[in-house]
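Residue-level structural notes
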Amino acid sequence: MSVKGWPLIKLLPHKTNFQFVKYAKGFAVLSAILTVAAIIGCFYPGLNLGIDFRGGASMEVAKPAGQTLELDKLRGAVSGLDLGDVQVQGIARRDNNLDDGSTAIVRFQVPDNEDQTAVVQKVEGAISEAVGDVAYSGVSVVGSKVSGELLGNGVMALLVAVVLMFLYIAFRFPWQFGIGAVAGLLHDVALTFGLIVALRMEFSLNLVAALLTVIGYSMNDTVVVFDRLRENLRKYKVMPLREVIDLSINETLSRTIITGLTTVIVLIVLAVFGGEALRGFSITLAFGVVIGTFSSIYVGAPIILLWGVDRSGGGKADTTPVKLGMASRP
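Here the structure is a predicted model, which is why all the values come from computation and not from measurement.

Looking now at the side chain of Thr256. Along the chain, Thr256 turns up in helix H8 (residues 241-273). Look at Thr256 and you get buried, because its relative accessible area is 3%. Those residues in contact with Thr256 that sit more than four places away from it in its chain are Tyr217, Asp221 and Thr293.

Given below as structure tokens:
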């Protein structure tokens, strides 16, 4: 194989001219239906709240110094008791503050209809049977009131992130762009919540972090498209707005797809090999990246077409027609 034939990405089309706006109405209807369904799903059947938001118990489990505590066996023993969300995390020892793999903290839910002391004893018995003799300490129970405050803070963090992103867009772009950006953000967050509900994933602080990352990624992708759109609006003043939007999306398409694809590949690998603790985070973020890419193309930019933009600024008009279709690298 010649050097010129590598990398294989050079075999992809060098330039595309897809008619994205042509199919915007159909995708808008689909997005609206899915968004409404996702919002309804958040209330019925509702989110499957994890320990962070429902409350539960935690305990420190330790083997003698120098011995390794097998976290997989520890997690499997507690998960086998059907106590809902289970979190296991290795920590440093209390006596020497060294993380030698001998100590972990275990968090699990306590069913409302069961005695807390009995549940803790059952967990201790299952752990001892799975990993041998260990010492237990720091047993504590987090009540629903504290968890409710934590849930409120998580939702507030998401809302503040959306507002800050809107202010950034409003400062950098005309107000029409801000409407498209916020619509795209709300679309991405709603559909990601819909995935969490549909897969009955435990909604924890990890997933709040994933949602915040989705918001940032979606906004970054939208800004790339909007930057090119703003440039083309100044350059092609007499070109119909729908064609300028198509042109701008096509010009940023390779960057959008390559960035999204490489990110999703890494997240899929993380979901498969990263263990149970990272699986929900990875799946949620991978879905959010895909939806964020979609919204940049079929939610954010086409909404600008509905409102129109002021194209009276300075700059030389360019009436070069855009041929729609698909052109490949010669």
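Picking up after the structure, the text goes on.
Of the consecutive residues Tyr44 and Pro45, the connecting peptide bond is found in the cis state with omega at 5°. Structurally, Pro45 can be placed in helix H1 (residues 24-46). Although it is not a glycine, Arg200 adopts a positive phi angle of roughly 55°. Within the element layout of this structure, Arg200 appears in the loop between helix H6 (175-198) and strand E7 (202-203). Judged by relative accessible area, which is 36%, Arg200 ranks as partly exposed.

Judged by nonpolar contacts, the single largest core of 42 residues is most densely connected at Phe177 and Phe203. When residues of this core are traced back to their parent elements, those giving at least two are helix H5 (144-172), H6, helix H7 (205-235), H8 and helix H9 (276-307). Apart from the residues lying within four places of it in its own chain, the contact partners of Phe203 are Leu47, Asn48, Leu49, Gly50, Phe53, Leu151, Phe193, Ile196, Val208 and Leu211. Listed in part, the 19 residues of the second largest apolar core include Met59, Val78, Val110 and Val119.

With 33 residues, H8 should reach 48 Å at 1.5 Å per residue; the first-to-last C-alpha distance of 46 Å fits that figure. Maximum bend of H8: about 45°, positioned at Thr252. Of the residues trailing H8, Gly275 is marked for its positive phi of about 90°.

Between two aromatic rings, the relevant description is the distance of the centres plus the angle of the planes. Enumeration over the complete set of coordinates arrives at seven aromatic pairs. Plain terms: the ring middles of Phe18 and Phe20 are 6.0 Å apart, the flat faces sit at 70° to each other, and that makes the pair edge-to-face. Between Phe20 and Tyr298 the ring centres are 6.0 Å apart and the planes differ by 70°, which places this aromatic pair in the edge-to-face class. Highlighted residues: Phe20 in the loop between strand E1 (15-17) and H1 and Tyr298 in helix H9, separated in sequence by 278 residues. With relative accessibility at 13%, the residue Tyr298 sits in the buried group.

Here H7 crosses H9 at 30°, and the two axes come no closer than 8 Å. With respect to their mutual orientation, H7 and H9 come out roughly parallel. Considering the relative orientation of H7 and H9, their crossing is right-handed. The class makeup of the residues in the contact of H7 with H9 is 14 nonpolar, twelve polar and one charged.

What follows is about a nonpolar patch on the surface. Together, Val155, Met156, Leu159, Val160, Val163, Leu164, Phe166 and Leu167 make up an exposed nonpolar region whose accessible area comes to about 710 Å². Residue position: Val163 is located in helix H5.

Let us look at the pattern of salt bridges. Note on pairing: side chains with opposite charge can pair once their charged atoms come close. Tallied over the full model, the rule gives seven salt bridges. Between Glu70 and Lys73 there is a salt bridge; the shortest N-O distance is 3.4 Å. Residue classification places Glu70 among the partly exposed positions, given a relative accessible area of 43%. Among the ionic pairs, Arg228 bridges to Glu231, the shortest N-O distance being 3.6 Å. With Arg228 and Glu231 both in helix H7, this residue pair falls three residues apart, about one helical turn.

Here we come to the packing of H1 against H6. The axes of two packed helices give the description: the angle between them and the distance between them. In contact at an axis separation of 8 Å, H1 and H6 are set at 50° when each is read in the N-to-C sense. Considered as vectors, H1 and H6 are oriented oblique to each other. Note on packing geometry: the crossing formed by H1 with H6 is left-handed. Between H1 and H6, the residues in contact are Ser31, Leu34, Thr35, Ala38, Ile39, Gly41, Cys42, Pro45 and Gly46 and His187, Ala190, Leu191, Phe193, Gly194 and Val197, respectively. For the contact of H1 with H6, the per-class residue count stands at nine nonpolar, six polar and no charged.

What counts as what
Residues numbered from 1 in each chain as written. Predicted model: local features only at pLDDT ≥ 70, side-chain atom pairs only at ≥ 80, totals over all residues. Heavy atoms only, no water. Helix = DSSP H or I, 4+ residues; strand = E, 2+ residues; numbered from the N terminus. Buried < 20%, exposed > 50% of the residue type's maximum accessible area, 1.4 Å probe, protein only. Contact = heavy atoms within 4.5 Å. Core = buried A, V, L, I, M, F, W, Y, C linked by side-chain atoms within 4.5 Å. Expected span 1.5 Å × (residues − 1). Bend = angle between axes of the 7 residues up to and from the residue. Phe/Tyr/Trp six-rings, centres within 6.5 Å; stacked < 30°, edge-to-face > 60°. Axes fitted to C-alpha atoms, helices over the stretch in contact; angles between N-to-C directions. Parallel < 35°, antiparallel > 145°, perpendicular 65-115°, else oblique. Left-handed = near helix turned anticlockwise from the far one by under 90°. Nonpolar A, V, L, I, M, F, W, Y, C, P; charged D, E, K, R; others polar. Patch = residues over 30% accessible without salt bridge, like charges linked within 9 Å, V, L, I, M, F, W, Y side chains within 5 Å. Areas by Shrake-Rupley, 256 points an atom, 1.4 Å probe, with all protein chains shown as cover. Salt bridge = Lys/Arg side-chain N within 4 Å of Asp/Glu carboxyl O.

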